[in-house]
Amino acid sequence: MEFTAAHWGAYTLDGAGGIKPLADDPAPSRIGRGWVTAAQDNSSRILTPVARQGWLEGDAGANRCSDRFVELSWDEAAALVAQEVSRVRETYGNKAIFGGSYGWASAGRFHHAQSHLRRFLNMAGGYVGSRETYSHAAGEVLFPHILGLSNRAFQDEMTSLTLLAEQCDCLLAFGGISGRTAQISSAGVTHHDTGKVLARLLERGAQIVNVSPRGTDLPEGDWVSIRPGTDTALMLALSFEIVSAGAADESFLKACTSGWPKWRAYLVGDEDGVAKSADWAAEICDIPAPRIREIAQALVQRRSMIAVNWGMQRADHGEQVIWAALGLACILGQIGQAGTGFAFGYGSTTHVGRGARLINWPSMPQGKNPVSEFIPVARIADMLLNPGGTFEYDCQTRTYPDIRLVYWCGGNPFHHHQDLNRLEEAWRRPETIIVHDHSWTATARRADIVLPATTPLERSDVMMNRRDPSLFYMSPLFDPMGQSRNDYDIFRAIARALGVEEAFTEGRDSEDWMRTLWSEAEKVAHVAGFDLPDYDAFRAAGRFDIPDPREDRIALEAFVRDPAGNPLDTETGKIILHNDRFASLGIDGCPAHPTWLPPAESLLAADRDALHLISGQPDTRLHSQNDRGSEALGDKIKGREPAYLHPDTAADRGLEEGDVVRLYNSRGACLAGLRLDPLLRRDCISLATGAWFDPQDIAGERIEVHGNPNVLTLDKGCSDLSQGNIAHTALVLLEKWIGPLPVLSIDRPPQIGGRGEMEKKA
Ligand SMILES: Nc1nc2c(c(=O)[nH]1)N[C@H]1C(S)=C(S)[C@@H](COP(=O)(O)OP(=O)(O)OC[C@H]3O[C@@H](n4cnc5c(=O)[nH]c(N)nc54)[C@H](O)[C@@H]3O)O[C@H]1N2
Ligand SMILES: Nc1nc2c(c(=O)[nH]1)N[C@H]1C(S)=C(S)[C@@H](COP(=O)(O)OP(=O)(O)OC[C@H]3O[C@@H](n4cnc5c(=O)[nH]c(N)nc54)[C@H](O)[C@@H]3O)O[C@H]1N2
Ligand SMILES: [Mo]
């Protein structure tokens, strides 16, 4: 049988030009249904290498967001890229090249766009990179300070969902545990089985509480409809109520934490004169105080898990929500036991908390980057706007590099970044921007040299995900469209033009590399106690299932069993509830213990008509990927992304399902199609990310006409500690769009002229 794979699942090729979900996947992703149509969409695929006309004419970036392109041959394109990389590094040094290139690219192990870009740039003398992710930067920076573990290590040892299903009696889930996000797992997934865990909890009579502005984030649970951005206050109040009832687990706190007396002083009000009681939080969170006390009681009486999704910390002061949840779990004292304690990210992707063996499969060697400059990933616009400026990050003061060349491959900043109008301004600054993509994304349209990549459906690859029990040989479904090439072959041609081809390829083509990776995988498997078939046998079979794939884990079990014998890698060897270093540094936005800090924008201080914008992950896509596929297109309303609103809020404003609305604030405006949702708070509006950014000038205003929420979000760090993005912190106003409906421009390729025309001009 022949297979392929994506971040949203593995598929068999159906022999008739299509794909079918695996027969043993209990809940295949809806995203897969739009994959093939998106990949074969002629009007959004990039079919030839091109250069931007204004850039060829030396406009220094001025028309970067609105220009036409000129076709190039592959030889011309490779020579042009090589020339630009050489020019910039010779003139300014490699620290003028930004190769952070954040993004999800595709799932195969070999054709991973960023790996090839980094290998290539390292060979060319290095690049400025980026740290952390848009997913969970606050967690990534905070965990080492409070748990002595990287986020990756914590994710690896997270208490298994199978144990949660069997042992937990009270699941308090902040932001829910959603089947929508559990469709995805970075590097591919065989089984979508999160739903089974929730079904089992219900069957066992466990209490499930969904603390979220959206009831749909965990439909199985009792819904506590919290005001967005206020969860830290609720966690503090739960902690306070448990402490005042004399129910805190003092022996756990003493043995396993440090700084408890100081945090306790804050909770009870000795520090600032404010007791963080249920009555105090009720006002902030818009949850009745008796309900808060009820939850506090249930947490103490039952075997309880405090779960926080990743999205909760993509918000102003995102560190606090994680730290307060961990603090609450410490007060309950059930950390280190089966199915209880603290979790970060259940449901945010399929594999979080999966009780699967972890196997570190090999990946492409990327070499060493001689450049030490980097940015926290979400500070891209700040970097481009403030070369030489300073910024705070993880207890250090650092300097933004002066970037002249941006190279992006496998990511879409004009999808993922906040305040896209500001990014557009910043994006005009570099001298040259180079992008590889298979589709005319908003980022590709804003590049100077654009090189057409293949999709995974046009190439062979291997899916091997360290968190997944199956390996797949990925076979191509159709031939490369237009002149598209695999990223590896693109870089190979550029490396040749630069005179470093041999170093880049080590004499191997794609097939040779896959064989090499496989022979390393065979060694890894052997150490793990099983044997892989040889490459040819694997390719013929298409799939390999790891024997005995289950392995349950309990977070922090060894530490809690013997805190002195197995100390954490923190200053005190324990879980930190008061961080003395933060106290002495005085970090803006991140005090020394979990603290309630009002967010930069929230309904607590808003105009009467303002709505809180929830811009989470889309159900029909992976971010911006497959937006031009049948599944996402079929979900749109008059061609716009659906925005969800409570029926009462809509009625109050004279709006109906199917209306086109204009969402706006001081940062920008976008159109969306209205859909009603009774399971949403009345003061919120939910517009998923990922509609391709399509700003147009209409009657003197710049309006994004397709429904991209990132024209409305704030480009600010969580705090000076993590500098993570705060996508979930934003207020908007809403009105009915009564003007003529603007025609989308993002569903057609940009203007591309032939070379003949270019020569005529020259
Ligand atoms: N408002 C708001 N914004 C958000 C979020 C939010 O919750 N709210 N979430 C954030 C999060 S968590 C994330 S992870 C980011 C995601 O942001 P991104 O990862 O940047 O989004 P994707 O659309 O997945 O971008 C991947 C790009 O790689 C391209 N690609 C795929 N395969 C290949 C390949 O083989 N070769 C090449 N060259 N290109 C390829 C795709 O066409 C696509 O353009 O968005 C963030 N932005
Ligand atoms: N279908 C699909 N699945 C995906 C992705 C995708 O693009 N599409 N992307 C993947 C990626 S890269 C990531 S990082 C994960 C992200 O996974 P998550 O971060 O878990 O997903 P989000 O959709 O951002 O947020 C989940 C929910 O948090 C709730 N929420 C927002 N603000 C608040 C708040 O202040 N308080 C509370 N209590 N709840 C709040 C919202 O109602 C939202 O529905 O998803 C992954 N899964
Ligand atoms: Mo993410």
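An unreviewed UniProt entry annotates the protein as Dimethylsulfoxide reductase of Roseobacter cerasinus. What UniProt records for the protein under Cofactor (unreviewed entry) is the sentence "Mo-bis(molybdopterin guanine dinucleotide)". Quoted verbatim from the Sequence similarities (unreviewed entry) field of the UniProt record, the comment on the protein reads "Belongs to the prokaryotic molybdopterin-containing oxidoreductase family."

*Asks:* When you look at the sheet that holds strand β12 (residues 304–308) in this model, what are you seeing that I'm missing?
*Replies:* Whenever strands of a sheet pair, they do so through backbone hydrogen bonds, lying parallel or antiparallel. An order of β10-β9-β8-β12-β13 is seen for the five strands of this open sheet, with the pairing classed as parallel. Here the strands that pair on one side only, and so sit at the sheet edges, are β10 (222–224) and β13 (341–344). Going from strand to strand, the sheet's axes swing by 20° on average, the running direction of each strand aside. Relative to strand β8 (residues 170–174), helix α9 (residues 231–244) is tilted by about 150°, and along the sheet it contacts β8, β9 (207–211) and β12. Relative to the sheet, helix α13 (residues 289–301) contacts β8, β9, β10 and β12, its axis offset from that of β8 by approximately 130°.

*Asks:* Is there a simple way to explain the UniProt feature "domain: Molybdopterin oxidoreductase" (unreviewed entry) in the protein in this structure?
*Replies:* Under the local residue numbering, the UniProt record ascribes the feature "domain: Molybdopterin oxidoreductase" (unreviewed entry) to residues 45–496. Split by type, residues 45–496 is 37% helix and 15% strand. Its first and last C-alpha atoms lie 26 Å apart.

*Asks:* Explain empty space enclosed by the protein here, please?
*Replies:* Under the defined criterion, the tally for this structure stands at three cavities of 30 Å³ or more. Of the voids in this model, the largest cavity is the one considered here, and its volume is about 50 Å³. Lining the largest cavity we find Gln 155, Asp 156, Met 158, His 351, Gly 353, Arg 354, Ala 356, Leu 358, Arg 467 and Arg 553. Taken together, the residues of the lining of the largest cavity sort by class into three nonpolar, three polar and four charged. In this structure, the second largest cavity encloses a volume near 40 Å³.

*Asks:* For this particular structure, what's the right way to read the pairing of β13?
*Replies:* Each regular strand displays side chains that alternate between the two surfaces of the sheet. Here β12 runs beside β13; their pairing, made up of four bridges, is parallel. The residue of β13 that forms the bridge with Ile 306 is Phe 342. Crossover connection from β12 via helix α14 (residues 318–332) to parallel β13: handedness right-handed.

*Asks:* Sorry, what's going on with the site of ligand 2 here?
*Replies:* Around ligand 2 lies a shell of 32 residues, among which Asp 217, Gly 229, Asp 231, Gly 311 and Arg 314 are the nearest. One nitrogen or oxygen atom from the side chain of Asp 217 is found 2.5 Å from an oxygen atom belonging to ligand 2. A distance of 2.7 Å separates an oxygen atom of ligand 2 from a polar atom in the backbone of Gly 229. In the complex, 98% of the free accessible area of ligand 2, which totals 910 Å², lies under the protein chains. Here the shell around ligand 2 is composed, by residue class, of twelve nonpolar, 14 polar and six charged. Residues from two domains meet in the shell around ligand 2; each of domain 2 (137–355 + 553–585) and domain 3 (603–713 + 730–736) gives at least three.

*Asks:* Quick question: what am I supposed to make of the UniProt feature "domain: Molybdopterin dinucleotide-binding" (unreviewed entry) in the protein here?
*Replies:* Mapped onto this numbering, the UniProt entry gives "domain: Molybdopterin dinucleotide-binding" (unreviewed entry) at residues 611–729. Annotation note: span residues 611–729, helix share 10%, strand share 29%, distance between end C-alpha atoms 11 Å.

*Asks:* Could you clarify how one ought to interpret the sheet that holds strand β32 (residues 752–753) in this entry?
*Replies:* Strand order across the open sheet formed by seven strands is β6-β17-β18-β19-β4-β5-β32, with mixed pairing between neighbours. The open sheet has two edge strands, β6 (97–98) and β32, and neither has a second partner. Across four bridges, the pairing between strand β18 (residues 432–437) and strand β19 (residues 449–452) is parallel. Across the sheet, the residue bridging to His 436 is Leu 451, located in β19.

*Asks:* Teacher, can you tell me more about the pairing of strand β24 (residues 611–614) here?
*Replies:* Here β24 shows a buried face lined by Leu 611 and Leu 613 and a second buried face lined by His 612 and Ile 614. Note: β24 against strand β31 (residues 731–736), two bridges, orientation antiparallel. The residue of β31 that forms the bridge with His 612 is Leu 731. For β24 and strand β28 (residues 684–687), the ladder comprises three bridges, and the chain directions are parallel. Its bridge partner being in β28, His 612 is matched across the sheet by Cys 684.

*Asks:* I would appreciate a short explanation of the site of ligand 1 in the present structure.
*Replies:* Taken together, 34 residues are adjacent to ligand 1, and His 416, Asp 437, Asp 487, Ser 615 and Ser 624 come closest. Between ligand 1 and the protein, one listed contact pairs a nitrogen atom with a side-chain N or O atom of Asp 487 at 2.7 Å. Look at ligand 1: alone it shows 920 Å² of surface, and the protein chains cover 99% of it. Of all the secondary-structure elements, those providing two or more residues to the shell around ligand 1 are α16 (413–416) and β18. Of the residues that constitute the shell around ligand 1, the class distribution is nine nonpolar, 21 polar and four charged.

*Asks:* What am I meant to see in the packing of aromatic side chains here?
*Replies:* By convention here, two paired aromatic rings are described through the distance between centres and the angle between planes. A full pass over the atoms with the stated rule returns 30 aromatic pairs. Arranged with centres 5.1 Å apart and planes meeting at 40°, the rings of Phe 143 and Phe 154 form a pair that is tilted. Taken together, the residues Phe 143 in helix α5 (residues 137–146) and Phe 154 in helix α6 (residues 151–157) connect sequence positions eleven residues apart. Assessed through its relative accessible area of 0%, Phe 143 is described here as buried. Here the aromatic residues Phe 110, Phe 120, Tyr 407, Tyr 488, Phe 491 and Phe 504 are joined through ring pairs into a cluster of three or more. Looking at Arg 446, its charged tip hangs above the ring of Phe 414, at a distance of 5.1 Å from the centre. Lying over the aromatic face of Tyr 664, Arg 662 brings its terminal NZ or CZ to 4.2 Å of the ring centre.

*Asks:* Would you mind going over the domain arrangement of the protein with me for this structure?
*Replies:* Often, the extent of an interface is quoted as the loss of accessible area on bringing the components together. By domain assignment, the protein separates into domain 1 (46–131 + 373–545), domain 2 (137–355 + 553–585) and domain 3 (603–713 + 730–736). Each of domain 1 and domain 3 has a C-alpha centre, and the two are 31 Å apart. The partner domain 3 presents 16 residues to the 17 residues of domain 1 that form the contact. For the domain 1 and domain 3 pair, buried surface summed over both sides reaches about 1,400 Å², with 52% attributable to carbon and sulfur atoms. Applying the counting rule to domain 1 against domain 3 returns one salt bridge.

*Asks:* What should I look at first to understand α13 in this one?
*Replies:* Side chains that are three or four residues apart share a direction in an α-helix, a result of its 3.6 residues per turn. Counted at 1.5 Å a residue, the expected span for α13 with its 13 residues is 18 Å, and the 19 Å between its end C-alpha atoms agrees. Buried residues of α13: Ala 289, Ile 292, Ile 295, Ala 296, Ala 298 and Leu 299, and no others.

*Asks:* Please explain unusual backbone geometry as it appears in this structure.
*Replies:* For residues that are not glycine, phi is negative in most cases, and the peptide bond is trans in most cases. At Asp 548, a position not held by glycine, the phi torsion is positive, near 45°. With respect to the secondary-structure elements, Asp 548 resides in the loop between β22 (543–545) and α23 (557–561). With relative accessibility at 63%, the residue Asp 548 sits in the exposed group. A positive phi is found at Leu 556, a non-glycine position, where the angle reads about 60°. Looking at the element boundaries, Leu 556 is found in the loop between β22 and α23.

*Asks:* Just to check I follow, could you spell out the pattern of salt bridges for this structure?
*Replies:* For side chains bearing opposite charge, pairing can occur when the charged atoms are close. For the structure on display, the rule yields 60 salt bridges. One salt bridge connects Glu 735 with Arg 662, and the closest N-O pair in it is separated by 2.9 Å. Here Glu 735 is found in strand β31, whereas its partner Arg 662 is found in strand β26 (residues 660–665), with 73 residues between them in sequence.

Calculation criteria
- The written sequence of each chain sets the order in which its residues are numbered from 1.
- Both sets of labels track the order of writing: A upward for chains, 1 upward for ligands.
- Side-chain atom pairs in this predicted model are given and counted only at pLDDT of 80 or more, local residue features only at pLDDT of at least 70, and totals for whole chains, interfaces and linings cover all residues.
- Side-chain calculation: all heavy atoms of the structure are included, whereas hydrogens and water are not.
- UniProt positions are given in the numbering used here, feature names are shortened, and annotations may be inferred rather than shown by experiment.
- At least two bridges found by DSSP between two strands is the condition for calling them paired.
- Numbering goes from the N terminus for both helices and strands, where a helix is a DSSP run of H or I of at least four residues and a strand is a run of E of at least two.
- Structural elements are reduced to axes, namely lines fitted to C-alpha atoms, with helices fitted over the stretch in contact, and the angle between N-to-C directions of any two is expressed from 0 to 180 degrees.
- Residue contacts are counted whenever heavy atoms from the two residues lie within 4.5 Å of one another.
- Grid points spaced at 1 Å and placed over the protein atoms alone form the basis of the search, with a cavity being a set where a 1.4 Å probe fits but cannot get out and a pocket an open set showing protein on both sides within 12 Å along at least five of seven lines. Lining residues have an atom within 4 Å of a point.
- Grid points are joined across faces, edges and corners, and a volume is the space filled by probe spheres set on the points.
- Just so you know the grouping, Ala, Val, Leu, Ile, Met, Phe, Trp, Tyr, Cys and Pro go in nonpolar, Asp, Glu, Lys and Arg go in charged, and all remaining residues, Gly too, go in polar.
- A clockwise course of the path from the first strand over the helix to the second, judged with the strands pointing away from the viewer, identifies a crossover as right-handed.
- Nearness of a residue to a molecule or strand requires only that one of the residue's heavy atoms be within 4 Å of it.
- Under the rule applied, a polar contact is a pair of N or O atoms within 3.5 Å (in protein, one hydrogen donor and one hydrogen acceptor; residues adjacent in sequence only if both atoms are side-chain atoms).
- For the area figures, the Shrake-Rupley method with a 1.4 Å probe applies, and any residue is considered shielded solely by the protein chains shown.
- The domain limits used here are those given by an automatic or database domain assignment.
- For every residue, the accessible area obtained with a 1.4 Å probe (protein chains only) is divided by the maximum for its type, and the residue is called buried under 20%, exposed over 50%, and partly exposed between those limits.
- Note on aromatic pairs: the rings of Phe, Tyr and Trp (six-membered ring only in Trp) are paired at centre separations within 6.5 Å, and the planes decide the class, stacked below 30 degrees, edge-to-face beyond 60, tilted for the rest.
- Each ring is checked for a lysine NZ or an arginine CZ that lies within 6 Å of its centre and within 35 degrees of its normal; such an atom marks a charge sitting over the ring.
- Here the quantity called buried area is the total loss of accessible area, with a 1.4 Å probe, experienced by two parts when brought into contact, counted for both.
- Between Lys or Arg on one side and Asp or Glu on the other, a salt bridge is scored when a side-chain nitrogen of the former is within 4 Å of a carboxyl oxygen of the latter.
- Between the first and last residue of a helix there are one fewer steps than residues, each counted as 1.5 Å, and that sum is the expected span.

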